[in-house]
Amino acid sequence: MTEALFGLCGKDFVILAADMQAAHSIIRVKSDTDKIWQVENMLIAAAGPNADTSNFVEFIGKNIVLHTLRTGMPLSTKAAANFTRNELAAALRKGPYQADLLMAGVDDDGPALYFMDYLSCMEKVNKAAQGYGAFFTLGLMDRYWKADMTLDEAKEIIRLCIKEMETRFIINLGNFKCKVVDANGCREEQLF
């Protein structure tokens, strides 16, 4: 999985970044793929085979919207993450999705970032990386992350992570897309 997803939880926001490459085996198929989906007022970044990630995230997104339509109440980020983890666990026994996820949102109790892998392990974290990006960047995140981080500081850490990937990783992942979720909703942010 030659992909990289990064996530950082700040004082009142969560920032996600993902490479924009779609590959099959050793062939780069596309260089403008958006791997970060918006589902209501949450963001889901997914790494893995394009068919699995697209199908799974769309399935999760439609079910979250359906819940909101049925009950009139949106799911919290924690509830949506638990629902997603449960669906990954159920699929594991039938036909597993090869999807590693970062789920981000901001609720009344503050920002939340959830790390999930294809085996349906889930953990609420302050910083996370998926794919080969995790091998190179978790140390940087440990060193520079702080609880009261501003958006500009978080963007600088993401830039350091991308620079580390460009320096150390043998494969050029190309451009990265960055999105932020805060109390005002979701938006795309420019890194460079």
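Quick notes on the rules
- Position numbers for residues count from 1 along each chain, tracking the sequence in the order it is written.
- Selection of residues for local features in this predicted model requires a pLDDT of at least 70, selection of side-chain atom pairs for listing and counting requires 80 or more, and totals for whole chains, interfaces and linings are taken over all residues.
- For the side-chain quantities, the full set of heavy atoms in the structure was used; hydrogens and water were omitted.
- By definition here, a salt bridge exists when the distance from a side-chain nitrogen of Lys or Arg to a carboxyl oxygen of Asp or Glu is within 4 Å.
- Each helix is a run of DSSP H or I of at least 4 residues and each strand a run of E of at least 2, with the numbering of both proceeding from the N terminus.
- When a residue's accessible area, from a 1.4 Å probe over protein chains only, is under 20% of the maximum for its type it is buried; when over 50% it is exposed; and in between it is partly exposed.
- Each polar contact in these results corresponds to two N or O atoms within 3.5 Å; when the atoms are within protein, one needs to be able to donate a hydrogen and the other to accept it, and residues that are neighboring in sequence are counted only if both atoms are side-chain atoms.
- Here, residues are in contact when the closest pair of their heavy atoms is within 4.5 Å.
- A pair of strands counts as paired when DSSP detects no fewer than two bridges linking them.
- A fitted line through C-alpha atoms represents every axis, and for helices the fit uses only the stretch in contact; the resulting angles, taken between N-to-C directions, go from 0 to 180 degrees.
- Here roughly perpendicular refers to angles of 65 to 115 degrees, roughly parallel to angles under 35, roughly antiparallel to angles over 145, and oblique to all remaining angles.
- A clockwise turn of the near helix away from the far one marks a right-handed crossing, whereas an anticlockwise turn of less than a right angle marks a left-handed crossing.
- Under the convention adopted here, Pro, Cys and the residues Ala, Val, Leu, Ile, Met, Phe, Trp and Tyr are nonpolar, Asp, Glu, Lys and Arg are charged, and Gly plus all remaining residues are polar.

A side chain of one charge can pair with a side chain of the opposite charge when the charged atoms of the two come close. With the rule as written, the count across this model stands at twelve salt bridges. Lys 127 is the partner of Asp 142 in a salt bridge, and the nearest nitrogen-oxygen pair spans 3.6 Å. With Asp 142 in helix α3 (residues 133-144) and Lys 127 in strand β10 (residues 127-131), this pair connects stretches of sequence that are 15 residues apart. With a shortest N-O distance of 3.0 Å, Glu 164 and Arg 168 are connected by a salt bridge. Separated by four residues within a single helix, Glu 164 and Arg 168 lie in helix α4 (residues 151-168), roughly one turn from each other. Taking relative accessible area as the criterion, Glu 164 reaches 22% and is therefore assigned partly exposed. A single network of salt bridges, built from pairs that share partners, joins Asp 34, Lys 177, Lys 179 and Glu 188.

Here we come to the side chain of Lys 179. Mapped onto the secondary structure, Lys 179 falls in strand β11 (residues 176-182). A distance of 2.8 Å separates the side chain of Lys 179 from the side chain of Asp 34, its partner in a polar contact. When sequence neighbours within four positions are dropped, the list of residues in contact with Lys 179 reads Val 14, Ile 15, Leu 16, Asp 34, Ile 36, Leu 43, Arg 187, Glu 188 and Glu 189.

Attention shifts here to the sheet that holds strand β1 (residues 4-9). Taking strand neighbours across the sheet as the criterion, the five strands line up as β10-β1-β2-β11-β12 in an open arrangement whose pairing is antiparallel. Edge positions in the sheet fall to β10 and β12 (185-189), since each of these pairs with one other strand and no more. Averaged over neighbouring strand pairs, the angle between their axes works out to 15° when direction is ignored. By the bridge criterion, five bridges tie β11 to β12 in an arrangement that is antiparallel. Within β12, the position partnered with Lys 179 by the bridge is Glu 188. Packing against the sheet, α3 makes contact with β1 and β10, and its axis sits at approximately 170° to β10. This element, α4, spans β1, β2 (13-19), β11 and β12 of the sheet and lies at about 155° to β1.

Turning our attention to the sheet that holds strand β9 (residues 122-125). Strand order in the open sheet formed by five strands is β5-β6-β7-β8-β9, and the pairing between neighbours is antiparallel. Of all the strands in the sheet, just β5 (36-39) and β9 have a single pairing partner and so form its edges. Taking each pair of neighbouring strands and ignoring which way they run, the sheet shows an average axis angle of 20°. Two strands pair when backbone bridges link them, and strand β8 (residues 110-116) and β9 are joined in this way by four bridges, in the antiparallel orientation. In the strand pairing of β9, Leu 113 is matched with Val 125.

The packing of two helices is summarised by the inter-axis angle and the distance between the axes. Two numbers describe how helix α1 (residues 50-71) lies on helix α2 (residues 77-92): the axes approach to 11 Å, and their chain directions differ by 130°. Looking at the two axes, α1 sits oblique to α2. In terms of crossing hand, the pair formed by α1 and α2 is right-handed. Across the interface between the two elements, Phe 56, Phe 59, Ile 60, Asn 63 and Ile 64 of α1 pack against Ala 80, Phe 83, Thr 84, Glu 87 and Leu 88 of α2. Residue classes in the contact of α1 with α2 are distributed as seven nonpolar, two polar and one charged.

What follows concerns the packing of α3 against α4. Between α3 and α4, the shortest axis-to-axis distance is 9 Å and the interhelical angle comes to 145°. Seen along the crossing, α3 lies across α4 with a hand that is right-handed. Here α3 contributes Gly 133, Phe 136, Thr 137, Leu 140, Met 141 and Tyr 144 to the contact with α4, which in turn contributes Ile 157, Leu 160, Cys 161, Glu 164, Met 165 and Arg 168. For the contact of α3 with α4, the class distribution of residues is eight nonpolar, two polar and two charged.

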